[in-house]
Amino acid sequence: MMWPTLKCPFCGSLLPNRQYKARTALTCPGCSEPLRLARWYLHLTSAIALGLTFAICLLIGLGGLWLFAATLLLWFPVAVAWNYLFGLMFPPRFERYPTGAPGANTSSDKRS
Ligand SMILES: [Zn+2]
């Protein structure tokens, strides 16, 4: 899998693409800053993927409850493919990983 070039927002060092995982911290090889994908970037890509899934289900003629169920089922595979394409067009943005925050290493973005 080929990923776009990722750069540290603090020092501009190239980040190791192969270690890149959306939900985990990544340490910059240049400045040792803990980084993660910017939350707004993740929210933006999943929102677009949801809209895209909905549009696909409409296009294949689903309606009512089936439209709803199919959108939920297809959202994840569409999001995976879409995140890849989106990442090629708009390289992911990083932000400082919030160390010391409660539940920082697990699903901390569940709280809304
Ligand atoms: Zn850096």
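Preceding this section is the structure that the text describes.
Now for a look at the structure at hand. (Residues numbered from 1 in each chain as written. Predicted model: local features only at pLDDT ≥ 70, side-chain atom pairs only at ≥ 80, totals over all residues.)

## Describing the nonpolar core
- Leu-6, Leu-15, Leu-26, Cys-28, Leu-35, Leu-37 and Phe-94 together form the largest nonpolar core, which totals 7 residues.
- The contacts of Leu-35, once residues within four sequence positions are left out, are Cys-8, Ala-25, Leu-26, Cys-28, Phe-94, Arg-96 and Tyr-97. (Core = buried A, V, L, I, M, F, W, Y, C linked by C-beta atoms within 7 Å. Buried ≥ 20, exposed ≤ 12 C-beta atoms within 10 Å, placed from the backbone. Contact = placed C-beta atoms within 7 Å.)

## Considering unusual backbone geometry
- For Ser-32, which is not glycine, the phi dihedral falls at a positive 60°.
- Considering the arrangement of structural elements, one finds Ser-32 in the loop between strand S1 (26–27) and strand S2 (34–37).
- Among the residues examined, Ser-32 registers 10 C-beta atoms within 10 Å and is labelled exposed. (Helix = DSSP H or I, 4+ residues; strand = E, 2+ residues; numbered from the N terminus.)

## Points about the packing of helix H1 (residues 39–59) against helix H2 (residues 64–89)
- Their axes nearest at 7 Å, the elements H1 and H2 cross at an angle of 125°. Considering their axes alone, H1 and H2 lie oblique with respect to each other. Handedness of the crossing formed by H1 with H2: right-handed. Contact with H1, carried on its side by Thr-45, Ser-46, Ile-48, Ala-49, Leu-50, Leu-52, Thr-53, Phe-54, Ile-56, Cys-57 and Leu-58, involves Leu-67, Ala-70, Thr-71, Leu-74, Trp-75, Val-78, Ala-79, Trp-82, Asn-83 and Phe-86 of H2 and no other residues of that element. (Axes fitted to C-alpha atoms, helices over the stretch in contact; angles between N-to-C directions. Parallel < 35°, antiparallel > 145°, perpendicular 65-115°, else oblique. Left-handed = near helix turned anticlockwise from the far one by under 90°.)

## A short note on the pairing of S2
- Strand direction decides the pairing type here: S1 and S2, joined by 2 bridges, are antiparallel. For Leu-26, the partnering residue across the bridge sits in S2 and is Leu-35.
- Between S1 and S2, which pair antiparallel in sequence order, lie 6 residues; one of them, Ser-32, sits at a positive phi of approximately 60°.
- Here 3 bridges tie S2 to strand S3 (residues 94–96), and the two strands are oriented antiparallel to one another. Bridging across to S3, Arg-36 finds its partner in Glu-95. (Pairing = 2+ DSSP bridges.)

## Considering the sheet that holds S3
- Taken in spatial order, the 3 strands of this open sheet run S1-S2-S3, and their pairing is antiparallel. For this open sheet the edge positions go to S1 and S3, each flanked by a neighbour on one side alone.

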